[in-house]
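Notes for the structure review
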Amino acid sequence: MKSVFLFVFMGLFPATILGQTPSLSASSEQRELPASAAMDGKMDTRWSSSASDNQWLQIDFNSPIELVGLKIFWESAYARDYEIQTLDKDGKWQNASKIEFGDGGVDEIYFGLRKTKAIKFIGHKRGTGWGYSILEIQTLGKEMQIQATATSSAENTNPQNVLDGNFKTFWKSSDNESDLELTFPHNFETGGLQINWGQKNFPSCKIKAMLADSNQWQTIMNKKAGINNVENLFFPAINVKMIRISFDSAPVCVSDIQIKSASEAWTPVRHFEMLAQRLPMGLFPNWIYRQQGFWTITGLPESSDESLLDEFGSVESGQRIFSVVPALYIDGKIFTSRNFELSQSLVDDWVPIPTVKWHRNDFEMNITANTIEPDATVVLYSLKNGAKTERNVSLMLAARPLQINPPWQFGGFSSIKQAGWQFNENTLKLNEMASISFYPKPDFASIYNQKANTESIDIIEYLTDKKTDGNSVTSQQGIISAGARYDFRLAAGERKSILVVYPNKEIPNLKIAENFEEFFNNHLTQSLKSWQHLIGDWDINVPDKRLINIVRSNLAYLIINADGPATQPGSRNYSNSWIRDGSISSTAMMRFGMIDFGKRYLQWFTNLIQDDGFVPFLVEKKTGKPVGYASTWAEHDSFGQYAFLVRQVTEMTDDNQVAEQCWQKLISSMKYMENLRKQRLTEKYNETEYYGILPESNSHEGYFPPKHSYWDDFFALRGLADAQAIALRLGYNDDAALLAEFEKDLRKSLLDSIDKVRRRDNLKTLPGCAELGDSDPTSTSVAFMVADERDNIPADAVNATYDKYMNDCRKRASDPPGKRSGYTPYEARNIGALIRLGRYQDARMLLNFLLQDAVRPAAWNEMAEVVHGDLRTPSYIGDMPHTWAAAELINSIRDMFVYEDRGKLVIAAAVPEEWLEKGISVRNLRTLWGTVSYNAKIENGKLLINLKCSKRPPNGFTVPNGAELIILEQ
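Heads up: these notes are all about the structure in this document. (Residues numbered from 1 in each chain as written. Predicted model: local features only at pLDDT ≥ 70, side-chain atom pairs only at ≥ 80, totals over all residues. Heavy atoms only, no water.)

**Remarks on the overall build of the protein**
Broken down by element type, the protein carries 17 helices and 42 strands. Against the 2.2 N^0.38 benchmark of 30 Å for 970 residues, the protein shows a C-alpha radius of gyration of 32 Å, consistent with a compact globule. Residues classed as buried in the protein amount to 61% of the 970 residues present. By sequence separation, contacts in the protein at least 24 residues apart represent 69% of the contacts at least 6 residues apart. (Helix = DSSP H or I, 4+ residues; strand = E, 2+ residues; numbered from the N terminus. Rg over C-alpha atoms; globule rule 2.2 N^0.38 Å. Buried < 20%, exposed > 50% of the residue type's maximum accessible area, 1.4 Å probe, protein only. Contact = heavy atoms within 4.5 Å.)

Below, the structure is given as structure tokens:
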């Protein structure tokens, strides 16, 4: 792989090696994380590259050194695929070692003894979404050389070739039974091997070790035959003198062996990684293959238990528990999702009842999940034979202690220490809980208990061979798997199904008759009617039906993610309530008629505000108390967000009683915010860019340590304006006057601060915070789509900020998907800001890009919190669906059709002309001044708008230039 790097950063102060002080350079490095830190003898410093695959790190010595390998200590951001090169005496780079499917930790890399004046690490594929991050590199001298011997060798091959780091050289046995032995120069603690097979023969073998404290050989693994040329083998950390690999099959070929350190020893996760390497891809959750997967949720309103269905058809029925992966067994061969074309869908293209379809010319399987009362997820697996002849097909369902939610976002392994079948109820109990019920009874049920690390078999193999370890087993290691098998004889064109029930709580009392498909379809019809009612009585009729289906789906996802009144961004990683998310999400729901959800959230959260006016920014859904891990944080946006929510609920319900119930907490929160501001009104801050604004905080997730984020101040301004509106509504005129003075003073301090930072840093754009002077449009957009400060902020800075942003957006959109930089769909709020700034074409361009790129899978109408350019980058993406990002999108789509602007309602501001040529209609969208309905169409070159509004806005309506507005009686 050839790469061109334009910049080389030279490192300083490396450690002394063999009497030399090497110099280090890299293709890139981050601030305070230089190349030199990778060889400075310290484990609390590190080199970190930029977040892209093709990066290198080079170590240059004053004179050649002899070595047989390297020891690389990885930080959490490791390399999956990389190579090591050395520089020969003629100045040519030679390949020393190539690593595939690395897993971080500590890599001990051995290659043939050589002299070199330089070493180069070349990263080809990252193991995470970050860059490459190395704590320390140590060289291994010739005294560390491992000797390889064999009982037989084919002509022109040498066992030592397996340790030379070169995939092109190899050892091949000459007998049907051969041993390959590795002898260490001293007692060595190891946790496994990586074997690269030199031919398309991945044989079974027995691995033995001679332990350091004895001269006895001990079997540490019986490896079954695999299907991949690279296999990682893990075992519990042991101290050894020798390792022997015994083969009893036809001549075998090994091109490379890498020794794994004790830090990479057997774990439950690595146990399943080993299984995944020798079985067909698709039998395990996608993260086992170190690839990102995507999923969606299904659940009930009010419930705190949601199920996941991933894009391949696997089910995870509750938080941090097992998952069930389907597979097919046809003509003696295992088929997985990877053997089929996959498609996803929702009922009626928006209802949160998802389906995954496996299809090919002669066969299909549909997997549909629906959560029903009393809180159970029912999944219908439906198989159809599309061939012209009869065929035998087996459906196998494998339950393993692996979540769909991956380990890089707090999921991964979830132990199963007990499993038992209750055959009279067709139910599988896991960890003493009734976990899965099957209709009809399976043809075969199996439990596999991994009794020892020396033999690794998967439950799928037990199901294909119809083996079981009994009806009930226990395991302290927690790696029990279980499964069910159905054997079908399908006539040409015939379809057969099974129903599986995953209870989200205790086993439900469901009366499922023999006709379980009728049971499933009846509940599907009931669920459809329920969701149609829950998402509100409104409609938007435009040519782009998908756009409106996305709104409907995400309103439903908001309901599912909420736990009772606690509006939340997600079901797994974000299962707590932020007032930031809650205020925006509740507003989005109310704008589409779901008033009760916003009202209940406000009432619940008001009770959590302290008497002194402190508004907690993050609370536990069950206790209502501030979340422990954030107890030392300061986030100062919560005060303005609470006031914003109070006004939204009050105005949309037109209920002064709501305002009265909140008033004391509301005015106290404004006073608390005023006291915060006073911390920056002291002599210490006079004439600085921090004078008179809110103190530093962690509100902006990109600022650690805390910064003076203007995000806080813009939310504060909006909160003060909304608190004034409530005060005037309730007749508290003196309070309103004080709030107005506070608002005026804060605005002056904020604008002065922005001006000082722009002059200090010679900025054309608006800064996101006082310290950095950074351009952050997604943060700055709250100044427009929430705070409505566009007339107070310098127009040149506003234009420069969004000109730069849109240029970046267009470049990102033009880049191939795999080359795009990562981003967060919170950028959806920029659509609303662009609309308010009159940049309608920019708003539509950004909307179209997000709908095309960020909605994954497209048919499930959902977004994660983070989008990576490479679809399969194994890195944090947040929850799916992430409904705060969704709420920002919902609000921005609504702004296209109507939004509030200083006592006015702005109608059809960003509706594309091609839609208006065909005609559009809007029905029952909620505003601060009642519901709005209208139809709009261009007729004879003129836009005609016929509008109904239940309450006239105080300052009237704004319509597109040249449009004729006809106001009809409500």
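**Topic: the side chain of Ser437**
The topology assignment puts Ser437 in strand 28 (residues 433-439). Within the local environment of Ser437, its side chain forms a polar contact with the side chain of Thr427, the two groups lying 2.8 Å apart. (Polar contact = N/O pair within 3.5 Å; in protein donor to acceptor, adjacent residues only side chain to side chain.)

**Some remarks on the sheet that holds strand 41 (residues 957-958)**
An order of 36-37-41 is seen for the 3 strands of this open sheet, with the pairing classed as mixed. Either end of the sheet is taken by a strand with one partner, and the two such strands are strand 36 (898-901) and strand 41. Across the sheet, helix 16 (residues 883-897) lies against strand 36 and strand 37 (904-907), angled at about 90° from strand 36, the strand it touches most. (Pairing = 2+ DSSP bridges. Axes fitted to C-alpha atoms, helices over the stretch in contact; angles between N-to-C directions.)

**Describing unusual backbone geometry**
Between Phe704 and the following residue, Pro705, the backbone shows a cis peptide bond with an omega angle of 5°. Within the secondary structure, Pro705 sits in the loop between helix 8 (656-678) and helix 9 (710-730). At Glu432, a position not held by glycine, the phi torsion is positive, near 70°. By secondary structure assignment, the location of Glu432 is in the loop between strand 27 (427-430) and strand 28. If you check the backbone angles, Arg902 has positive phi at about 55° while not being a glycine. Mapped onto the elements, Arg902 comes out in the loop between strand 36 and strand 37.

**Observations concerning a nonpolar patch on the surface**
Together, Tyr629, Trp633 and Phe704 make up a nonpolar patch on the protein surface, roughly 330 Å² of accessible area in all. Summarising the element assignment, Tyr629 is placed in the loop between strand 35 (618-619) and helix 7 (638-653). Taking relative accessible area as the criterion, Tyr629 reaches 48% and is therefore assigned partly exposed. (Patch = residues over 30% accessible without salt bridge, like charges linked within 9 Å, V, L, I, M, F, W, Y side chains within 5 Å. Areas by Shrake-Rupley, 256 points an atom, 1.4 Å probe, with all protein chains shown as cover. Salt bridge = Lys/Arg side-chain N within 4 Å of Asp/Glu carboxyl O.)

**Notes on the environment of Val230**
Residue placement: Val230 occurs in strand 14 (residues 230-247). It is 9.4 Å that separates the C-alpha atoms of Val230 and Gly198, two residues lying 32 residues apart in sequence. When sequence neighbours within four positions are dropped, the list of residues in contact with Val230 reads Glu100, Phe101, Gln194, Ile195, Asn196 and Gln277.

**Overview of the nonpolar core**
Within the largest apolar cluster, 207 residues are counted, with the highest numbers of intra-cluster contacts made by Leu328, Tyr381, Leu555, Phe714, Phe897, Ile907 and Tyr934. Grouped together as the second largest cluster of nonpolar side chains are 59 residues, Met144, Leu182, Leu283 and Ile459 included. (Core = buried A, V, L, I, M, F, W, Y, C linked by side-chain atoms within 4.5 Å.)

**Observations regarding the sheet that holds strand 27**
Read from one edge of the open sheet, 9 strands run 21-22-23-24-32-28-27-26-30, paired in antiparallel fashion. Where the open sheet ends on each side, the last strands, each with one partner, are strand 21 (341-347) and strand 30 (472-474). On average, each strand axis in the sheet is inclined to that of its neighbour by 15°, with strand direction left out of account. Here strand 26 (residues 418-422) runs beside strand 30; their pairing, made up of 3 bridges, is antiparallel. Bridging from a neighbouring strand, Ala419 pairs with Val473 of strand 30. The strands that helix 3 (residues 516-534) touches are strand 21, strand 22 (351-360), strand 23 (363-372), strand 24 (376-385), strand 28 and strand 32 (495-503); relative to strand 23, the one it contacts most, it runs at about 55°.

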